[in-house]
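Next come the chains, spelled out residue by residue.
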Amino acid sequence: MATSKSICLYFQVHQPTRLRLYRFFDIGKDSHYYDDFANRTILRRVATKCYLPMNQLMLELIAKHKGKFKIAYSISGSALEQFRRFAPEVIESFKALAATGKVEFLCETYYHSLASLASESEFRHQVLKHAALIEELFGVKPTAFRNTELIYSDGIGEMVYDLGYKTMLTEGARHIMGWRSPNYVYTGHTQSKLKLLLRNYSLSDDIAFRFSNQGWDMWPLTAEKYVDWLGKSAGEGDIVNLFMDYETFGEHQSADSGIFEFMRALPAAVLADGTFGFVTPSEAVKKHKPISDISVEDPISWADEERDLTAWLGNELQSEAYKKVYAMTEKLSIVNDAELWEDFGHLQESDHFYYMCTKFFSDGEVHKYFNPYDTPYEAFINYMNVISDFQIRLDEAHAALDVKAAAVEELGSLKRKRK
Amino acid sequence: MRVLMFGWEFPPHIAGGLGTACEGIVKGLAANGVETLFVMPSASGDEDQSATTIINASDVPVDTVSESVEEYLEKVKFIHIGSNMIPYANPEEFSRLVEEEKKRQVKDFSISYGQKYKFSGKYGASLMEEVARYAMVGGTIALQRKDQFDVIHAHDWLTYYAGIAAKELTGKPLVIHVHATSFDRGSVDNIDTRVFAIERKGMEMADRVVTVSNLTRNTVITRYGIDPAKVVTVHNAVDFSGRENLQVERGVKEPVVTFLGRITYQKGPEYFIEAAAKVLKRTGNVRFVMAGSGDMMNRAIRHAARLGISDRFHFTGFLRGADVQKMFALSDVYIMPSISEPFGISPLEAMRTGVPSIISKQSGAAEVLKYAFKVDFWDVDAIADDIYALLSYPALASFSNRMGYEEVNALKWNGATAKLKQVYESVVK
């Protein structure tokens, strides 16, 4: 007998392309923007501590439970690029997971960017680019979508649907849910054909944030305890969506916290209990009917207490950097140079804006953990210096185009004269 | 003429402009036939002693007081120990100093009679204690060398107590030299009253007060209530000998307008930012750089971001050594919009590098620089106008370059110190 309720496990895999210390004196002279050493070092560390052991564990669990344990990943293009360069064995292990057929790979913006808020054309471009890479690597065309940091609004939902995705993941943010439960499938408000899966933040954060906190009155968390909570939380609902960073396992929560043992025990405990079965996002929306639509006028996300955009666009520094980088979109389309497009993509990674966040208080600890800069001001100065150099390159390429166009024009008129 | 001079620092190890000025002064005095004994709290031994004899106060024990300790204390009883004074520390230094201060307890100085005191010679957290100890050691040195000088000369408030002690113990005339006042460090209603008290004491006890500009002379007269008859202006000069102009490869094509200095209230950084925004409305062909650090830096970054000019307005953070020269070499216009600047040597450096300078009328340098562009610090429109004109009219820039270069090269310490010699002569009977 098939279980009536579902658990949908999705893991986010992302690594930013960190910028090197880029001084005013470098502007116009040196257009290599990235801290290759830090990027390689960090990636190799996280691969050893998290990606490789966790992938291995997932592979074992899928084999052990004979098709009953399923998971989903979203891996940003920026992360995939770094795997290719610095740790190709991680890609191989994801391919092994893909080969089981029990793993769904989601689509997102290639550069883990805020493009959905800034530019529809840039957003479309990055979505297509990411889908193509996922298909190339894992052999399956993605059918479900998750936007950067689970950012969602009615308008973004419409764009996503128009790109061919019928399922999207976002946050069960308290301020939009009100009395409603995240444990059902919903649809978009303005695009009712788009199905929405909402993160159960309380149960997700029990693992992602609280697991190793010995000051937590529920510590230590065991698989049995957690299954009990799942049942209580689900109540009348259909599905519990557990969405979290993959780096939770072994990186944010260290191996000696017992996080791997917990994950090893969880599928068996869930399946033994019998209330829940595991589904991937695309399966979830086939299995469970939406109960209503949900209206989200202002974008929501899974970040911080506010579950809004203030982690990336909350202060004047962030707005300024964001405006300046996206103001270049039009000129870039005219110039259409591959190298410039690539840098432009990396400069859009949401992490750069996150580093400029000045919310030092409630979520300051989390921000600090992820931040290579001592202060948001340093992050801003460094980013703007890079942007200034990029703008020079763009302007030069644009000017060269004008010269070329003028030459072609002149040639044309000479030919006409000859006739 | 022989001078016992009390300073706080001397090149090559300097934190501010005071040490550089002192070196220029002793060299200029030597050229005018004046001998100096230069006392400093903590000498490193690598100072250039070709023009002066350096006395390291850290080497001198306080046990050679001639009559008695009681008499000594009676004469120098005005000395008090304070602590946790951080007048010149920049923010980076501040946190470090707080840590240092925690480790190091201020001890009663009376127990150290007969001992040497190791001065830090920095502008640290125990500055008030060092100032007091420096006075005691200064008095000792003055007594030991009573026959080797005719006049005492003390530079800035840190050394005034030492100067007073030397005068009290030897009866020789005292000249104090005001390079800056408390009003240049804090706003009028926010000055350090302890420093103010030392400054006023020094000015009152002095036979002559030398100021680096008429602006400062005016401050000394009006704010400290000093008799105008004994206050004399001797403008600063600058020593460019041995300075080659750097050839630097430019990264950016646009002309660069530079502010270089501490980013603090007195330096008027926000007027520069406002003016930059105005210029950028009219032309995109320019970049602005705010070089340096200070307690207003973060505010300045937000200010520029709010005005939406951060892609054209750059911050470098604190620059040292060669990077300062490099920054001048990369600049096309230099700006010093100080709200209060006793003198301000940086525009002279800029003009020497061939960079036309816009300076505020509220700076001492404005009194000597004919070929600098002078504006009121608050007149953002005028600043913007001057920047725009210098960028847009090459004739203006090249004229002010040429004339400015000659002008600053003529500002020699030899001339300034000749005037200083006259001041000494007026007090030595």
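Now for a quick tour of the structure. (Residues numbered from 1 in each chain as written. Chains lettered and ligands numbered in written order. Predicted model: local features only at pLDDT ≥ 70, side-chain atom pairs only at ≥ 80, totals over all residues.)

A few points about the sheet that holds strand β1 (residues 2-6) of chain B
Residue and element names in this part refer to chain B.
- The sheet built from seven strands is open, its strands ordered β3-β2-β1-β4-β5-β6-β7 with parallel pairing. The strands lining the two open edges of the sheet, one partner per strand, are β3 (53-56) and β7 (231-233). Averaged over neighbouring strand pairs, the angle between their axes works out to 25° when direction is ignored.
- Pairing of strand β2 (residues 35-40) with β3, which is carried by four bridges, proceeds in the parallel orientation. Note that in β3 the partner of Val39 across the bridge is Ile55.
- The strands that helix α7 (residues 214-224) touches are β5 (174-178), β6 (208-211) and β7; relative to β7, the one it contacts most, it runs at about 165°. (Pairing = 2+ DSSP bridges. Helix = DSSP H or I, 4+ residues; strand = E, 2+ residues; numbered from the N terminus. Axes fitted to C-alpha atoms, helices over the stretch in contact; angles between N-to-C directions. Contact = placed C-beta atoms within 7 Å.)

Quick word on helix α1 (residues 36-64) of chain A
Residue and element names in this part refer to chain A.
- Helix length check: α1 (29 residues) gives 39 Å between terminal C-alpha atoms against 42 Å at 1.5 Å per residue, within 8%.
- The largest bend in α1 amounts to roughly 50° and is located at Ala47.
- All buried positions along α1 are accounted for by Asn39, Val46, Ala47, Cys50, Tyr51, Met54, Asn55, Met58, Leu61 and Ile62.
- In this structure, the buried residues of α1 make contact with β2 (71-75), α2 (77-86), α3 (88-99), β9 (249-250) and α10 (259-273).
- Once α1 finishes, Lys66 follows within two positions and takes phi at roughly 45°, a positive value. (Expected span 1.5 Å × (residues − 1). Bend = angle between axes of the 7 residues up to and from the residue. Buried ≥ 20, exposed ≤ 12 C-beta atoms within 10 Å, placed from the backbone.)

Thoughts on the sheet that holds strand β7 (residues 195-199) of chain A
All names here are of chain A.
- As summarised here, the arrangement of the five strands in space is β4-β5-β7-β6-β12, forming an open sheet in which the pairing is mixed. Each having just a single partner strand, β4 (144-146) and β12 (290-294) make up the two edges of the open sheet. Across this sheet, the average inter-strand angle for adjacent strands is 40°, counted without regard to direction.
- Taken together, the four bridges between strand β6 (residues 185-188) and β12 define a ladder with parallel strand orientation. The partner of Gly188 across the bridge, within β12, is Ile294.

A closer look at the pairing of strand β9 (residues 287-291) of chain B
Residue and element names in this part refer to chain B.
- Along β9, five of the five residues are buried, which leaves the element largely enclosed by surrounding structure.
- Because side chains alternate across β9, one face comprises the buried residues Arg287, Val289 and Ala291, and the other comprises Phe288 and Met290, equally buried.
- Here strand β8 (residues 256-260) runs beside β9; their pairing, made up of five bridges, is parallel. Looking at the pairing, Leu260 lines up with Ala291 of β9.
- In this fold, the crossover linking β8 to β9 by way of helix α8 (residues 269-282) has right-handed handedness.
- Pairing geometry for β9 and strand β10 (residues 313-317), over four bridges, is parallel. Pairing of Phe288 across the sheet is with Phe313, part of β10. (Right-handed = clockwise from strand over helix to strand, strands pointing away.)

Observations regarding the packing of α1(A) against α10(A)
All names here are of chain A.
- Where α1 contacts α10, the axes come no closer than 10 Å and their chain directions differ by 20°. When the axes of α1 and α10 are compared, the pair comes out roughly parallel. Regarding α1 and α10, the two cross each other, and that crossing is right-handed. Contacts between α1 and α10 involve Pro53, Leu57 and Leu61 from the first element and Phe260, Met263, Arg264 and Pro267 from the second.
- Each residue belonging to the contact of α1 with α10 can be placed in one class, and the counts come to six nonpolar, no polar and one charged. (Parallel < 35°, antiparallel > 145°, perpendicular 65-115°, else oblique. Left-handed = near helix turned anticlockwise from the far one by under 90°. Nonpolar A, V, L, I, M, F, W, Y, C, P; charged D, E, K, R; others polar.)

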